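Per-entry structural report
Listed below are the residues making up each chain.
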Amino acid sequence: MAPNLDDANSVFEFVVKQGNGIKGLVDSGLSKVPGVYVQPPNERIDKENAIKLELPPIDLSKLDDEVGEQIVRAAETLGFFQVINHGVPLHLLESLKDTAHKFFSLPLERKAVYLPPVTPSPTVKYGTSYLPEKEKALGWKDYILMQYTDDDEALRYWPQEIREVLLEYLRSSIVLVKKLVQILLENLGAKRDDPMIDVLIGTKTVAMIFYPTCPNPDVTVGIGRHSDIGMLTVLLQDDVGGLYVKIEEAMDYEKKAEWIEIPPVPGALVINVADMLQVLSNGKYRSAEHAVRNTNTNSRVSVPIFTMPLETAKMAPLPQVVEKDGIARYKEFMFGDYMNNIYENALDGKRLLNFAKIG
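A few points on the structure. None of these values were measured; they are calculated from a predicted model.

Description of the sheet that holds strand E9 (residues 243–246)
Pairing is mixed across the open sheet formed by five strands, whose spatial order is E1-E10-E9-E12-E7. Looking at strand neighbours, the two that pair on one side only are strand E1 (50–52) and strand E7 (223–226), the edges of this open sheet. Strand-to-strand, the axes of this sheet are offset by a mean angle of 25°, without reference to chain direction. Alignment of E9 against strand E10 (residues 259–261), held across three bridges, turns out to be antiparallel. Residue pairing for E10: Val245 is matched across the bridge by Ile260.

Here you go:
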């Protein structure tokens, strides 16, 4: 039974509690955006106040010094870049996008078994928005999220329709992530073979995210302004587009704008710096705020891999960077404490980094 779109409780019950998600809302014959999804004007993404990223993707087929410099420069400026010849098979990328669309088209009863109250494993979660119970306005997206522990658990608990392709994606992407982290940390004075690197990317979470078409995308967001909490994120986006990075005052762009759109590039993966890499670099690398804008013409899928430190890892700026800078801009803290902070609050840009800042 379709919800009463003018009743926030009815919409919340249908979308969140019953697990119908935005997909179910759209399929019910939606003609307008329910009030609970209407974002305040300052949280919307104005396409007219955005520019497109015109930098070509970084070609990783030859990881020489010049390519390393391009990676470092991108991490220092925008915090987002795209890579090609990255080692993840192109046929796998296409399969991931197809599989994501098929998964979210499954009957509700097949997806609802992964809702938090009933999921067979706490490492697998199907849901909508980000933290619906704490958000003032909900995000226009559905997702399935899985934390990787080992192959055996994944094969046992992850949805059978998506587990094989996601495991293959995870395996090949982690090789890519390790190479990138090695380059970025070596630039800060660390050694490429430092065993710390395995600790810093020791937690891996993969998700499939579905952004259904929206009757009025001007007043909604797929996901609001936020930065990622870990080390590096690898993102596969389809050809629909909609990923935007917030322009900060310190960013040097000739045209004044509020957002930069990261346009889809066939065969490319998007890489973005996350909070812990900003902390380790003492602010040298940029964990940028980003958000997703929906469209009224096409549904969009994306498949991110979030690499994060182990929860027990102690995080702080690298000593050699602090010595060079003459000041530590972030305190030492346990990564698990940082995680607890973000999962207790609604998204709010880079506010969480204040937890780690000194002064």
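Still more ground to cover, so stick around.
Looking at the side chain of Ser302
Position of Ser302 relative to the elements: it lies in strand E13 (residues 300–308). Apart from the residues within four sequence positions on either side, Ser302 is in contact with Ala207, Met208, Ile209, Tyr211, Leu235, Leu236 and Gln237.

Points about the packing of aromatic side chains
In the structure shown here, the tally under the stated rule is eight aromatic pairs. Note on Tyr37 and Trp140: the rings are 5.2 Å apart at their centroids and 80° apart in plane angle, and the pair reads as edge-to-face. On the criterion of sequence distance, the pair formed by Tyr37 in the loop between helix H2 (21–27) and E1 and Trp140 in the loop between strand E4 (124–128) and strand E5 (142–148) is long-range, its members being 103 residues apart. Residue class for Trp140 comes out buried when judged on its relative accessible area of 0%. With a centroid separation of 5.5 Å and 25° between ring planes, the pair formed by Phe333 and Tyr338 is classed as stacked. Using a relative accessible area of 0% as the deciding quantity, one classes Tyr338 as buried.

What to know about the pattern of salt bridges
Counted by the stated rule, this structure contains 14 salt bridges. Among the salt bridges present, the one from Asp27 reaches Lys23, with a minimum N-O distance of 2.6 Å. Residue Asp27 and its partner Lys23 are both found in helix H2; the two are separated by four residues, about one turn of the helix. The salt bridge partner of Arg110 is Glu161, with a shortest N-O separation of 2.6 Å. Separated by 51 residues along the polypeptide, Arg110 in helix H5 (residues 108–111) and Glu161 in the loop between helix H6 (151–157) and helix H7 (163–186) bring together distant segments of the chain. Each of Glu43, Arg225 and Glu289 takes part in salt bridges that share partners, so that together they form one network.

Regarding the environment of Ile162
Within the secondary structure, Ile162 sits in the loop between H6 and H7. Beyond its immediate sequence surroundings of up to four residues, Ile162 is in contact with Thr99, Phe103, Ile144, Met146 and Met208.

Points about the environment of Tyr157
For Tyr157, the position within the fold is in helix H6. Spatially, the C-alpha atoms of Tyr157 and Val124 are 7.4 Å apart, while their sequence positions differ by 33 residues. Not counting residues up to four positions away in its chain, the partners in contact with Tyr157 are Tyr114, Pro120, Ser121 and Val124. Only 3.4 Å separates the side chain of Tyr157 from the side chain of Arg156, close enough to count as a polar contact.

Some details on the sheet that holds strand E3 (residues 80–84)
If you walk across this open sheet you meet the eight strands as E2-E3-E11-E8-E13-E6-E5-E4, and the pairing is mixed. Each edge of the open sheet is held by one strand with a lone partner, namely strand E2 (58–59) and E4. Relative to E13, strand E8 (residues 232–237) runs antiparallel, the two sharing six bridges. Bridged to Leu235 within E13 is Pro304. Its contacts with the sheet put H7 on E3, E5, strand E6 (203–211), E8, strand E11 (269–273) and E13, and the angle it makes with E8 is roughly 135°.

Reading guide: rules and limits
Residues numbered from 1 in each chain as written. Predicted model: local features only at pLDDT ≥ 70, side-chain atom pairs only at ≥ 80, totals over all residues. Heavy atoms only, no water. Pairing = 2+ DSSP bridges. Helix = DSSP H or I, 4+ residues; strand = E, 2+ residues; numbered from the N terminus. Axes fitted to C-alpha atoms, helices over the stretch in contact; angles between N-to-C directions. Contact = heavy atoms within 4.5 Å. Phe/Tyr/Trp six-rings, centres within 6.5 Å; stacked < 30°, edge-to-face > 60°. Buried < 20%, exposed > 50% of the residue type's maximum accessible area, 1.4 Å probe, protein only. Salt bridge = Lys/Arg side-chain N within 4 Å of Asp/Glu carboxyl O. Polar contact = N/O pair within 3.5 Å; in protein donor to acceptor, adjacent residues only side chain to side chain.

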